[in-house]
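Single-letter residue listing:
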Amino acid sequence: MFSLGQFIRYGLALALVAMVATSAWTGTAIAQTSCTDTGYTYNASCQGNQNSSGTTVTSGALVATAAATTVGLVSSRVSQFRQGSGSARAGIQSQSLFAAGNGTGASAGENMDTRMGVWGNIAYLRSEGDKTGANFESDLMSGMVGFDYRLGSIETPTFIGLGLGYETADITTSFNRGNIDTSGYTISPYVSFGLTKVFSIDVVGGYTWLSYDTDRKDPLTSTTIRGAFDAERMFGAADLVGGWSLNKWNLGGRVGMSYVTEDQDAYRESNGVARAKSDINIGAANTGVRLGYSFDKIEPYLGGTYSYNVSQSGEGTYDGRNTLGGSLGLNMAVMPNFSVNVEGRTAQREDISSYGGSATVRLAF
């Protein structure tokens, strides 16, 4: 039989062993689940992207989409001018930066016996990313105004132009219970070189000044963490465009290259975490086709696009390279010197679905 003293000694020894074992196990568990970038340690709720700034996960996809929309708005104007020139054209809009059919063709019957025109357009694009642990939804609104001037003959015109634009985006990053709000101003010169009655080379470039505001929830305390920074975006696209007509059918094709780069400034979040400067670069090869049918002053059309990112860096979690797109639209000649284009479009990139629409008006004189 154990004496009372022995019972107490053995009990204390067993308790000490249990405490040491528990401490060792707990320490291992903490080491496996700690978050080192916050300055303190807590449990597995900080794993994955829950403790990340939204821009580090979504930036590449959002930058490319925004630049694509801007290029599409300018390029819709380029194509509108050229198809209405009276030559046998049905040139589609630029598919640069994997835009899913942003504006296309001329308003059927547009009077192009003019040298100058002013134009304006707006676009909306909804994008949804469904990658596990990186879900987001983005609503992008863009608008542009501009003017252009024709050089040379109506048969093979060359023209130059300039567009000015504004964009704003509201992004919800559900993976970190956060949001990203962006806004920016764009200047975009463009030129279209008429090679023959069938072919032209269209070149679009631009520069965008941007501001970003971010917020997210701390995964442990649910405290709101905020941040803000500026960014600069440059983009360019060059395409060989061809258009052919047979009776009232119009067929267009386009092939080219595009490039976008955005430099995002370093910043510090409200919880003291420093976020490094970010550089995003995407180069793509693009192609597209369009088929339309003219009913005097109205032309409905449909189109398809494909894009492949031949180079990319800083793209974040969404690193897919292939994008397929489709569009459905209508060109209208409201008056001899006033034309309208409306279009709906959709695109599918790996783990990202997009859909939206645009409207363009032009007055020639």
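Rules of the game
Residues numbered from 1 in each chain as written. Predicted model: local features only at pLDDT ≥ 70, side-chain atom pairs only at ≥ 80, totals over all residues. Heavy atoms only, no water. Helix = DSSP H or I, 4+ residues; strand = E, 2+ residues; numbered from the N terminus. Buried < 20%, exposed > 50% of the residue type's maximum accessible area, 1.4 Å probe, protein only. Contact = heavy atoms within 4.5 Å. Areas by Shrake-Rupley, 256 points an atom, 1.4 Å probe, with all protein chains shown as cover. pLDDT = per-residue confidence, 0-100. Salt bridge = Lys/Arg side-chain N within 4 Å of Asp/Glu carboxyl O. Phe/Tyr/Trp six-rings, centres within 6.5 Å; stacked < 30°, edge-to-face > 60°. Pairing = 2+ DSSP bridges. Core = buried A, V, L, I, M, F, W, Y, C linked by side-chain atoms within 4.5 Å. Axes fitted to C-alpha atoms, helices over the stretch in contact; angles between N-to-C directions.

Student: Summarise the overall build of the protein chain; cite the residues concerned and give the values.
Tutor: A tally of regular secondary structure across the protein chain gives 2 helices and 14 strands. Among the 365 residues that make up the protein chain, the fraction classed as buried is 50%. By sequence separation, contacts in the protein chain at least 24 residues apart represent 66% of the contacts at least 6 residues apart. Of the roughly 15900 Å² that the protein chain leaves accessible, carbon and sulfur atoms contribute 65%.

Student: Could you give me a rundown of the confidence of the model for the protein chain, with the residues and numbers involved?
Tutor: Summing up the model confidence of the protein chain, the mean pLDDT is 77 and the portion of residues at 70 or higher is 72%. Note on residues 17-34: pLDDT under 50 across the span, and 10 contacts to partners over four residues away in sequence or across chains. The low-confidence segment residues 36-45, where pLDDT is below 50, has 21 contacts with residues more than four positions distant or belonging to other chains.

Student: An account of the environment of Gly-133 is requested, with residue identities and associated values reported.
Tutor: On the secondary structure map, Gly-133 appears in the loop between β1 (116-129) and β2 (136-151). On the basis of relative accessible area, Gly-133 is assigned to the partly exposed category, the value being 35%. Through-space distance from the C-alpha of Gly-133 to that of Thr-317 is 9.7 Å; in sequence the pair is 184 residues apart.

Student: Could you give me a rundown of the pattern of salt bridges, with the residues and numbers involved?
Tutor: Oppositely charged side chains can form a pair if their charged atoms are brought close together. The full count for this structure, using the stated rule, is 14 salt bridges. Residue Glu-262 is joined to Arg-233 by a salt bridge in which the shortest nitrogen-to-oxygen separation is 2.9 Å. Taken together, the residues span a long stretch of sequence, with Glu-262 in strand β7 (residues 249-264) and Arg-233 in strand β6 (residues 224-246) at a distance of 29 residues. Exposure class is identical for Glu-262 and Arg-233. Each is buried. Lys-277 is the salt-bridge partner of Asp-279, the closest N and O atoms lying 2.6 Å from each other. Salt bridges sharing common partners tie together Arg-126, Glu-128 and Asp-139.

Student: Explain the packing of aromatic side chains to me, using residue names and the numbers behind them.
Tutor: Per the counting criterion, the structure on display carries 10 aromatic pairs. Plain terms: the ring middles of Tyr-212 and Phe-229 are 4.7 Å apart, the flat faces sit at 10° to each other, and that makes the pair stacked. With Tyr-212 in strand β5 (residues 199-217) and Phe-229 in strand β6, this pair connects stretches of sequence that are 17 residues apart. Phe-229 gets classed as buried once you look at its relative accessible area, which sits at 6%.

Student: Break down the environment of Gly-243 for me, with residues and values.
Tutor: Tracing the chain through its elements places Gly-243 in strand β6. The exposure class assigned to Gly-243 is buried, which follows from its relative accessible area of 1%.

Student: Account for the pairing of strand β14 (residues 352-364), with residues named and values stated.
Tutor: Strand direction decides the pairing type here: β1 and β14, joined by 13 bridges, are antiparallel. By the bridge assignment for β14, Arg-126 is matched with Tyr-355. Relative to β14, strand β13 (residues 338-349) is paired through 12 bridges, and the arrangement is antiparallel. The residue of β14 that forms the bridge with Ala-347 is Ser-354.

Student: Quick rundown of the nonpolar core? Include the residues and the values.
Tutor: Soluble globular proteins tend to pack their nonpolar side chains together in the buried interior. Core analysis: the largest hydrophobic core is formed by 25 residues, its most contacted members being Phe-136, Ile-171, Tyr-212 and Val-260. Contributions of two or more residues to this core are made by α2 (54-83), β2, β3 (158-173), β5, β6 and β10 (278-293). Here this core takes 6 residues from α2, the largest share from any one element. Grouped together as the second largest cluster of nonpolar side chains are 6 residues, Val-74, Trp-119, Met-144 and Val-204 included.

Student: Give a description of unusual backbone geometry that names residues and reports values.
Tutor: Phi at Asn-247 takes a positive value of approximately 55°, unusual for a residue other than glycine. With respect to the element layout, Asn-247 can be found in the loop between β6 and β7. For Asp-296, which is not glycine, the phi dihedral falls at a positive 60°. Mapped onto the secondary structure, Asp-296 falls in the loop between β10 and β11 (298-313).

Student: Report on the sheet that holds β2, specifying residues and quantitative values.
Tutor: Taken in spatial order, the 12 strands of this closed barrel run β1-β2-β3-β4-β5-β6-β7-β10-β11-β12-β13-β14, and their pairing is antiparallel. Ignoring strand direction, the axes of neighbouring strands in this sheet form an average angle of 15°. Pairing of β1 with β2, which is carried by 14 bridges, proceeds in the antiparallel orientation. Bridge assignment links Trp-119 to a residue of β2, and that residue is Gly-146.

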